Amino acid sequence: MAAEGGGKEMNEIKTQFTTREGVYKLLTHSEYSRPNRVPFNSQGSNPVKVSFVNVNDQSGNGDRICFNVGRELYFYIYKGVRKAADLSKPIDKRIYKGTQPTCHDFNPLTATAESVSLLVGFSAGQVQLIDPIKKETSKLFNEERLIDKSRVTCVRWVPGSESLFLVAHSSGSMYLYNVENTCGTTAPHYQLLKQGENYAVHTCKSKSARNPLLRWTVGEGALNEFAFSPDGKFLACASQDGFLRVFGFDAAELHGTMKSYFGGLLCVCWSPDGRYIVAGGEDDLVTVWSFLDCKVIARGHGHKSWVSVVAFDHCTTSVEDGDPPAEFSGSDEDFHEQIHFGAGRDRANSSHSRLSKRNSTDSRPVSVTYRFGSVGQDTQLCLWDLTEDILFPHLPLSRTRTHTNVMSATSPPATGQTTTSTTTTSTTTTTTSTTSTSTTTTTTVSTTTNSSGTNGKDNVSNSSTSGNPANSLPSTLPRSNSLPHSSNPAGGSTPNSHTGSNSSGSTKGNSIIDSAFIATSVSKFATLSLHDSRKERHEKDHKRNHSMGHISSKSSDKLNQLSSSRTAKADAAKTLGTTLCPRMEEVPLLEPLVCKKIAHERLTVLIFLEDCLVTACQEGFVCTWARPGKVGLLSSQNNPANSPSGTVV
């Protein structure tokens, strides 16, 4: 656990760690960095970030990696667990003057062995579209900094689109761009399109098509990260004001909010099935939020400093039904979805739909475990398991929590069946028990079966009454949570359902993206005087942020935080103890399965791939950790084209 070891041992950097799946090992030969391998002096520079793409070439070695270190940007063939990294031959290397790359994202839809589309955001506010294979720079957006002068914090292609992308800035604004449009030679004029609680969406008023198509202003202070849901229909935003806001993307409607326990939120990610969101930030906690119930369901405490990245492990979602657990690993497309937040709307669902298929034909009790990880400025990597006793505490077969800290225990044995282990191990986390972590009381026999026997999508409906929901992945709970035991009506949908019965954002005929193209249709929403005052206020913000250009991002975040500290204190007092921000004793507190110091400098990257996980620290070292049993695999076994549905680990 977090308190493991002491003194000298605590400061020792770990090169392997053990979980219930086995041993994860650091592959020292698969370390990517600047070609000279010299640690980068990270003072005053932007965080090192990593992006992956698969170009699906015939050699079976289609993975490509991009990472930024200081003023430099590198693009390599990524050999992962197969071969040592050859740092002497980057496919492309760029050094920028006067500005630094801060974030980047590949478009998985357009990637081929001959060409990839890579977006790069910069500290002075510009966004560049480059092709590192052809070594071309095709376009520069916000070149004159007329749209926004503040640092780019996050850039993502819109899932399923070859031309639309979204850019967030430390000003608190997000902009939707189209690669086909120009940015214009004058500052854009905006018209209000939609307004809600602490957010507004404006469309760009122009006679001809120009960028940006839309401007979102979200919360107060910097917008630190956003993430699209696996189906691309929802957008989760983590802001410096401490709020997580989740929007229906097409209709720009607020679906739900959450407040950090303290300070700003720095990172956010979705579970592979879109049911849960995890956020991390300056309260040193990871917070798990239910998309369906719009409430905090757990917090995790293991880091000793700010949490910089959270990510779900698509490959370690387990389903247990009385037999030894089967670990399902997602395909190559699955993990690229995590990096690109929705590379393809159906691909991302494969591990969860397999989970649903397995469950809909089986009447034995099932337990579900979500695995996610986090890295922080304390140089530690934490892995967490989210088990069904936390996810579904109101169900009849729910496990009673004997203490707040949820420790390792066994899965309930079905009556009349044998399991591999029935002893509870409540203190060890690296137990070899093959069952999942859940604290049990009793089990009951149930005879009801699911009505959706052949339903392979995420739309899992139950024919059972409220007495037996444990036979399937629990369906959508009512938003009010007043009827926790009732079964979901047939056709109830999760955010990932593709049945057309999705909630708020996407079922409405009017999409704000469409509206953005026809600015005249929204004139009734706004007056210019409102727009002008907003614009002036944002110009001041931009100037203030711009004047701190050479200060480290951490310092500027602190300055942003100080500038709005009065409001933050007032908000914190109002929200603590409400559903927005429950008190610590009101929700389960998770402890990490693994909590290891793995670097000398603060960690800035955590990405789960099929046969490894990738971390990076501010010194510019990108490390590959082989999953159990995955060291030195042949390239044919790793070729995603050969195993689109994933493999059993």
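Bringing the overall build of the protein into the picture now. Within the protein, the regular secondary structure consists of ten helices and 35 strands. Taking all contacts inside the protein whose residues are at least 6 apart in sequence as the whole, residues at least 24 apart take part in 63%. For the protein, the exposed area adds up to about 24,600 Å²; of that, 52% sits on carbon and sulfur atoms.

The tally for this structure, following the rule as stated, stands at 25 aromatic pairs. Centroid distance F312 to Y370: 6.3 Å. Interplanar angle 80 degrees. Geometry classified as edge-to-face. With a gap of 58 residues between them, F312 in strand β25 (residues 307-312) and Y370 in strand β28 (residues 367-376) connect regions that are remote in the sequence. Using a relative accessible area of 1% as the deciding quantity, one classes F312 as buried. Overall, Y370 belongs to the buried group, its relative accessible area being 4%. Each member of the aromatic cluster is reached from another via a ring pair, and the members are Y32, F52, F67, Y74, Y76 and Y78. The ring of Y190 carries the charged tip of R215 above its face, separated from the ring centre by 4.4 Å. The ring centre of F243 lies 5.9 Å from the NZ or CZ of K259, which sits over that ring.

A few words on the sheet that holds strand β9 (residues 127-131). Overall, antiparallel pairing links the four strands, which are arranged β7-β8-β9-β10 in an open sheet. At either margin of the open sheet sits one strand with a lone partner, and together these are β7 (101-106) and β10 (136-141). Neighbour-to-neighbour, the strand axes of the sheet open up by a mean angle of 20 degrees, direction not taken into account. Inspection of the sheet shows β7 paired to strand β8 (residues 118-122) by five bridges, in the antiparallel sense. Bridged to F106 within β8 is L118.

The next thing to look at is the sheet that holds strand β16 (residues 214-218). Spatially, β11-β12-β13-β16-β15-β14 is the arrangement adopted by the six strands of the open sheet, whose pairing is antiparallel. On the outer flanks of this sheet lie β11 (152-157) and β14 (189-196), each paired with one strand and no other. Across this sheet, the average inter-strand angle for adjacent strands is 20 degrees, counted without regard to direction. With five bridges connecting them, strand β15 (residues 199-205) and β16 associate as antiparallel partners. Each residue of the ladder has a partner; that of Y199, found in β16, is V218.

By the criterion of burial, strand β29 (residues 380-387) is predominantly enclosed, with eight of the eight residues buried. Here β28 pairs with β29 via seven bridges, running antiparallel. In the strand pairing of β29, Y370 is matched with L386. Hairpin remark: β28 followed by β29, antiparallel, with three residues in the connecting loop; positive phi at T379, about 65 degrees. Summarising the sheet, β29 and strand β32 (residues 594-597) pair through four bridges and their orientation is antiparallel. From the neighbouring strand, L383 faces β32, where its bridge partner is V594.

Before going further, it helps to examine the nonpolar core. It is characteristic of soluble globular proteins that their nonpolar side chains tend to be buried jointly. Among the nonpolar cores identified, the biggest contains 23 residues, and Y32, V50, I65 and F67 are the most heavily contacted of them. Setting aside anything within four residues of it in sequence, one finds F67 in contact with Y32, S33, R34, K49, V50, E72, L73, Y74, Y76, H104 and V622.

With that settled, the discussion passes to the pairing of strand β18 (residues 234-239). Most of β18 sits out of view: six of its six residues are buried. Neither face of β18 is exposed, since F234, A236 and A238 on one face and L235, C237 and S239 on the opposite face are all buried. In this sheet, β18 lies alongside strand β17 (residues 223-228) in antiparallel orientation, the contact comprising five bridges. Pairing of L223 across the sheet is with S239, part of β18. With antiparallel pairing between neighbouring strands as the criterion, β17 and β18 make up a hairpin whose turn holds five residues, including G232 at a positive phi of roughly 75 degrees. Here β18 pairs with strand β19 (residues 243-248) via five bridges, running antiparallel. Of the residues in β19, the one forming a bridge with F234 is G248. Linkage of β18 to β19, two consecutive antiparallel strands, is achieved through a turn of three residues, within which G242 is found at a positive phi near 90 degrees.

Our focus in this paragraph is the environment of T575. With respect to the helices and strands, T575 occurs in helix α9 (residues 565-575). The exposure class assigned to T575 is buried, which follows from its relative accessible area of 8%. Separated by 316 residues in sequence, T575 and K259 have C-alpha atoms that sit 7.4 Å apart. Apart from residues no more than four positions distant in its own chain, T575 is found in contact with F243, K259, L580 and C581.

Here the focus is the confidence of the model for the protein. Of all residues in the protein, 60% attain a pLDDT of 70 or more, and the chain-wide mean is 74. Here residues 321-365 scores under 50 on pLDDT; set against residues more than four positions off or in separate chains, the count is 154 contacts.

A separate point is the pattern of salt bridges. Across all of its chains, the model carries 13 salt bridges by this definition. A salt bridge links D92 to R94; the shortest N-O distance between them is 2.9 Å. You'll find D92 and R94 in the same group, each marked buried. What emerges from the salt-bridge pattern is a single network uniting R20, E21, R371 and D385.

Turning our eyes to something else, we now look at unusual backbone geometry. Of note, the bond from N211 into P212 is cis; its omega dihedral lies within 30 degrees of zero at -5 degrees. Residue K135 is not a glycine yet carries a positive backbone phi of 60 degrees. Summarising the element assignment, K135 is placed in the loop between β9 and β10.

Turning our eyes to something else, we now look at the environment of L603. By secondary structure assignment, the location of L603 is in strand β33 (residues 603-608). With relative accessibility at 2%, the residue L603 sits in the buried group. For L603 and G620, which are 17 residues apart along the polypeptide, the C-alpha to C-alpha distance reads 9.9 Å. The contacts of L603, once residues within four sequence positions are left out, are S308, V375, G376, T379, Q380, L381, I598, A616 and C617.

Tallied over the full model, the rule gives zero disulfides. The thiol of C183 is not disulfide-bonded; the next cysteine sulfur, from C204, is found 9.5 Å away. The thiol of C237 is unpaired, and the distance to the nearest cysteine sulfur, on C154, comes to 9.0 Å. Here C237 falls in the buried class, since its relative accessible area comes to 0%.

Rules used in this analysis
Residues numbered from 1 in each chain as written. Predicted model: local features only at pLDDT ≥ 70, side-chain atom pairs only at ≥ 80, totals over all residues. Heavy atoms only, no water. Helix = DSSP H or I, 4+ residues; strand = E, 2+ residues; numbered from the N terminus. Contact = heavy atoms within 4.5 Å. Areas by Shrake-Rupley, 256 points an atom, 1.4 Å probe, with all protein chains shown as cover. Phe/Tyr/Trp six-rings, centres within 6.5 Å; stacked < 30°, edge-to-face > 60°. Buried < 20%, exposed > 50% of the residue type's maximum accessible area, 1.4 Å probe, protein only. Lys NZ or Arg CZ within 6 Å of the ring centre and 35° of its normal. Pairing = 2+ DSSP bridges. Axes fitted to C-alpha atoms, helices over the stretch in contact; angles between N-to-C directions. Core = buried A, V, L, I, M, F, W, Y, C linked by side-chain atoms within 4.5 Å. pLDDT = per-residue confidence, 0-100. Salt bridge = Lys/Arg side-chain N within 4 Å of Asp/Glu carboxyl O. Disulfide = S-S within 2.5 Å.

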